[in-house]
Amino acid sequence: MTQSVVVQVGQCGNQVGCRFWDLALREHAAVNKKGMYDEALSSFFRNVDTRSGDNGPDIYKGKICSLKARALLIDMEEGVVNEILQGPLRDVFDSKQLITDVSGSGNNWAVGHKIYGCQYRENIVEKLRKTAEHCDSLQCFFIIHSMGGGTGSGLGTFVLNLLEEEFPEVYRFVTSVYPSGEDDVITSPYNSVLAMKELNEHADCVLPIENESLFEIVNKIHQMINSGKLGSTVKQNSLVTSSAGSAKTQVKPFDAMNNIVANLLLNLTSSARFEGSLNMDLNEISMNLVPFPRLHYLVSSLTPLYTLADVNVPSRRLDQMFSDAFSRDHQLIQADPKHSLYLACALLVRGNVQVSDLRRNIERLKPSLQFVSWNQEGWKTGLCSVPPVGHSHSLLALANNTCVKPTFIELKDRFMKLYKKKAHLHHYLQIDGMEQSCFSEAVSSLSDLIEEYNELDATKGGPRVDPSRLKIAV
Amino acid sequence: MSIVTVQLGQCGNQIGHEVFSALCSDIRGTHGLCSKKENESYQDSCKERFFCEEESGVPVARAVLVDMEPKVISQTLSMAARSGHWKYSNHSHFCQKQGSGNNWANGYSVHGPRHKEAIMNLVQKEAEKCERLGGFLTIMSMAGGTGSGLGAFVTQCLRDAFPTSFILNHVVWPYGTGEVIVQNYNSVLTLSHLYHSSDALLVHENDVIHKICAQLMNIKQISFRDVNQVIAHQLGSVFQPAHTAGGGSGYSRNPLGDLMEALVPHPEFRMLGLRNIPQMPESSLPYSTFSWPGLIKHLRQMLIANAQMEEGIDWQVRPPHPGLHPLHKKPLHFNTSIANLVILRGKDVHSADLGSFQDPSLYTSWLNPQDAFNAWKTPRAFNKYEKSAALVSNSQFLLKPLDSIVGKAWNMFASKAYLHQYTKFGIQEEDFLDCFTTLEQVISSYTNL
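These numbers were taken from a predicted model, which means no experiment stands behind them.

**A word on the pairing of strand E13 (residues 393-401) of chain A**
All names here are of chain A.
- With 9 of 9 residues buried, E13 is to be regarded as a mostly interior element.
- Alternating residues of E13 divide into His393, Leu395, Ala397, Ala399 and Asn401 and Ser394, Leu396, Leu398 and Asn400, and every residue in both groups is buried.
- Here 5 bridges tie strand E9 (residues 299-303) to E13, and the two strands are oriented antiparallel to one another. Considered in E13, the bridge of Ser301 is made with Ala397.
- Here strand E10 (residues 341-351) runs beside E13; their pairing, made up of 9 bridges, is antiparallel. Across the sheet, residue Ala344 finds its bridge partner in E13, namely Asn400.

In structure tokens, the structure reads:
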């Protein structure tokens, strides 16, 4: 079994990360009744003998003693990390996994990337090495950060670079929260575009998330519950937004939204951790969903958003779960994959779902989806037997789809609005190592990416001309 | 003679387990419908082929389990042990941690060489346990990374290490509408490589078995386990002991050799399809009766019309007229055979007349009809079916599916999609082109029968 390490950077990254660890513990507690440390747990947690203090040895088998997260928590302000360390998860992290500073990055990518990057480089490398040493087969780094600020965006992408240099064989999956149009950070377009260049060049896979989408999903759930439209009661801990049954008791406004992202990561790794009739590991996700190296942005959706208390799930409801996965309002970014072009699509099903259910739904939904000409049957599927907590089944859909293009175009437009007027540019240029060319290269990288999506879109709907086959002399 | 089975990847290990389960349950059953002597001879022969005796009395499967990640092998070993009736040896498996990521190049170029010694040591040990080694059966899928890539590499190693042994590759073809997006690349790479080192490829297509589960077995929510059990039943109907025509009174001592001799007269033609009749839910068996003429008639039409199962057969398809000039176009949809093998199991099998399978119009002209057709029989019924018939066919059965896979792979190759994933492990565009060429040649050969 392989291990993964989570690197959470900045305020957003750490808040989401915190939710992730909470829900991961909850998930394993539900599955692991005997309290034995098993392979599934070891993918995200170490088992440490803490009787002799925090520096105890790792225990690889046997009863769970003290679980420690395989994580690195990085923030240039202390507030969020301190809260985590005072909260119910304090025992899951040890002080050697933290890197903090006091003054923050001032929402400036250059401060995060150039100044703090330089300053903390050695410290970060050393801690990463330590975490990697505790793994006998490290497969993947998950980076969680936001794009619009200074730390998550700047220092986060600095760490991404570092990971590629120091651990080139290990996959780099990045969960990036993109700023919305009404973001109150004025310089978020600069930060995001500068970060995008790094994601283009150094990430294996990026899962973009937009707060607006998370917010809409949260609202949708509240409306459904409050309107009384649902006949039976909703199982509280089945909400994709819920923390019920986990260590946390208060629920802050962003918690529900962050829980969705945490669930995304749990579902993504479920088939690597638990058994099933058709396993789908992380390296398979990267292999199947990235046809060309730079086109590695995956739109994700999680369904169902909640489970009703009925025990028998008619196949109609199962089919509804598949339909919802492709609908606009279940995507975690503001995008409509149904009306754009699919390059590839992955479906990871958890729970009591069989291959025939999968096939029936793929056949049913295929006609309404447009796939690129060279990948007409481009489906990657996985079946994991263990459902998420509170559910009998669930579905994670990952799409490599040109519907990400509008998000990137908007980002570029907001960037250009500021850049043309050179607004706030001096805050960046005064940083050592930053030049005007950093900006022009970054926006050029983004433009190239948009252009690649344009070229693919141009093939949509055109006549299908298959290339002629090799001729063999008879 | 004994057969050593090498189970590769998730599919190979899941199916391998069902095969040994089916074989074991068949010989333990009391439904043999034949004399005690016959039954004992059957059981002994099966045990010699597939199992090893241990002091505990529990038969140990003659198998090597290989996978690049641990979950499936661990499940497979424990399921077998829990049955109480058979098990795998504790020392016959090899696994790693990271899997192959559905990447053929990773399986073939990285895992293969890296783990060659360890895997071949296990195979050697298993081979040494056999008093007489009859050859190897590998079970793999061609859509993923381990079964396909590592499987192709291991097949080559088997060929190098055991140059005079028979190697039969059981290959599972994925659902046409994706299980894996790069499945067509992986398939093309696998099939072309196997063609060079294996003796024959015995093929099962997931789409076909799925239909059997849905329409004949009446299974509502079909799982991979259901599919694998049908596959295991079909394989069992081929590999369980049977009497060959010239074999004297005992059961065939060289099943793989006999199979190759019967079906692979020419190295260019190695693709074998499998059909089995009847196929129905176990609950329906007590209420059904069969006659040999009926079964044989259906099986023959399944061959001629390239039907995937005994329902929906196109009875309009007829073999071409005997007097037809060889250059005259053969009737459409007619499935030309090179060689066929029919295996009959059950009550009154000696009365079954297989003359219709010897009709020369079924075959190409370059073999004698007597050589093109072989029949094996045993009065011992298989797996609770009072009468059952299996057809292993070297014919145009797989032509269309093969052409479809190569076409889709070529389409993707022309756009260069995903190639960077293969080149980073050492498989270059020229390697792909070689594989395409090999398979286009195979397609052309089968088309021009």
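**Structural notes on the confidence of the model for chain B**
Residues and elements named next belong to chain B.
- Mean pLDDT for chain B: 92, with 97% of residues reaching 70 or above.
- The least confident element of chain B is helix H11 (residues 369-372), whose mean pLDDT is 85; the most confident is strand E8 (residues 167-173), at 97.
- Reported confidence for the predicted complex is 0.87 by ipTM and 0.91 by pTM.

**Focus: the sheet that holds strand E4 (residues 71-75) of chain A**
Residues and elements named next belong to chain A.
- Within the open sheet, the 6 strands sit side by side as E5-E4-E1-E6-E7-E8. Their pairing is parallel. Two strands in the sheet have a free side with no partner beyond their single neighbour: strand E5 (98-100) and strand E8 (205-210). In this sheet, adjacent strand axes meet at a mean angle of 15° when their direction is disregarded.
- Contacts from helix H6 (residues 188-202) reach strand E6 (138-146), strand E7 (171-178) and E8 within the one sheet, and its direction differs from that of E7 by about 155°.

**Topic: unusual backbone geometry**
- Following Thr303 of chain A, the chain continues into Pro304 of chain A via a peptide bond in cis, with omega recorded as -15°.
- Note that Pro304 of chain A resides in the loop between E9 and helix H10 (315-325).
- For the bond running from Ile277 of chain B to Pro278 of chain B, omega is -5°, close enough to zero to count as cis.
- The residue Pro278 of chain B is located in the loop between strand E10 (271-277) and helix H10 (292-304) in this model.
- Although it is not a glycine, Asn218 of chain B sits at a positive phi angle of roughly 55°.
- With respect to the helices, strands and loops of the structure, Asn218 of chain B is situated in the loop between helix H7 (206-216) and helix H8 (224-239).
- Of note in this structure, Tyr418 of chain B is not a glycine but carries a positive phi near 70°.
- Residue position: Tyr418 of chain B is located in the loop between helix H12 (399-414) and helix H13 (419-423).

**Considerations on helix H1 (residues 10-31) of chain A**
- Here H1 of chain A spans 31 Å end to end across 22 residues, near enough to the 32 Å set by a 1.5 Å rise per residue.
- For H1 of chain A, a buried count of 16 out of 22 residues is recorded, marking the element as mostly surrounded by other parts of the structure.

**Observations regarding the state of the cysteines**
- In this structure the tally under the stated criterion is 0 disulfides over all chains.
- Counting only cysteine sulfurs, Cys135 of chain A is the nearest neighbor of Cys65 of chain A, a cysteine outside any disulfide, at a range of 19 Å.
- No disulfide involves Cys24 of chain B; its nearest neighbouring cysteine sulfur is the one of Cys46 of chain B, lying 7.8 Å away.

**Considering the side chain of Lys127 of chain A**
- Along the chain, Lys127 of chain A turns up in helix H4 (residues 109-133).
- Sequence-distant contacts of Lys127 of chain A, defined by excluding residues within four places in its chain, comprise Leu72, Lys96, Leu98 and Ile99 of chain A.

**Here's the deal with the interface of chain B and chain A**
- Contacts between the two partners involve 52 residues from chain B, matched on the other side by 56 residues from chain A.
- On the surface where chain B and chain A come into contact, there are 3 salt bridges.
- We note a salt bridge from Lys408 of chain B to Glu377 of chain A, for which the minimum N-O separation is 3.6 Å.
- One can count 32 residue pairs in polar contact (both at pLDDT 80 or more) joining chain B with chain A.
- Only helix H1 (9-28), helix H3 (70-83), H7, H12, H13 and helix H14 (429-447) of chain B provide two or more residues apiece to the side of chain B that touches chain A.
- The element that contributes the greatest number of residues to the side of chain B that touches chain A is H12 of chain B, accounting for 8 residues.

**Side note on the packing of aromatic side chains**
- Overall, the coordinates contain 47 aromatic pairs over all chains when judged by the stated rule.
- Measuring from ring centre to ring centre gives 5.1 Å for Tyr185 of chain B and Phe432 of chain B, while their planes differ by 65°; the resulting arrangement is edge-to-face. Placement of the pair is Tyr185 of chain B in helix H6 (residues 183-197) and Phe432 of chain B in helix H14, with a sequence separation of 247 residues. Here Tyr185 of chain B and Phe432 of chain B have matching classes, each one buried.
- A connected cluster of aromatic rings, assembled from ring pairs, spans Phe20, Trp21, Phe44, Phe45, Phe93, Phe142 and Phe173 of chain A.
- Across from the ring centre of Trp315 of chain B, 5.5 Å away, lies the NZ or CZ of Lys297 of chain B, which sits over that ring.
- When the ring centre of Phe382 of chain B is taken as reference, the NZ or CZ atom of Arg345 of chain B above it lies at 5.9 Å.

**Section: the pairing of strand E11 (residues 337-346) of chain B**
Residues and elements named next belong to chain B.
- Across the 10 residues that make up E11, a large majority, 10, are buried.
- Two strands pair when backbone bridges link them, and E11 and strand E13 (residues 387-395) are joined in this way by 9 bridges, in the antiparallel orientation. Bridged to Leu344 within E13 is Ala389.
- Alignment of E11 against strand E12 (residues 373-378), held across 6 bridges, turns out to be parallel. Looking at the pairing, Val342 lines up with Ala375 of E12.

Cut-offs applied
Residues numbered from 1 in each chain as written. Chains lettered and ligands numbered in written order. Predicted model: local features only at pLDDT ≥ 70, side-chain atom pairs only at ≥ 80, totals over all residues. Heavy atoms only, no water. Buried < 20%, exposed > 50% of the residue type's maximum accessible area, 1.4 Å probe, protein only. Helix = DSSP H or I, 4+ residues; strand = E, 2+ residues; numbered from the N terminus. Pairing = 2+ DSSP bridges. pLDDT = per-residue confidence, 0-100. Axes fitted to C-alpha atoms, helices over the stretch in contact; angles between N-to-C directions. Contact = heavy atoms within 4.5 Å. Expected span 1.5 Å × (residues − 1). Disulfide = S-S within 2.5 Å. Salt bridge = Lys/Arg side-chain N within 4 Å of Asp/Glu carboxyl O. Polar contact = N/O pair within 3.5 Å; in protein donor to acceptor, adjacent residues only side chain to side chain. Phe/Tyr/Trp six-rings, centres within 6.5 Å; stacked < 30°, edge-to-face > 60°. Lys NZ or Arg CZ within 6 Å of the ring centre and 35° of its normal.

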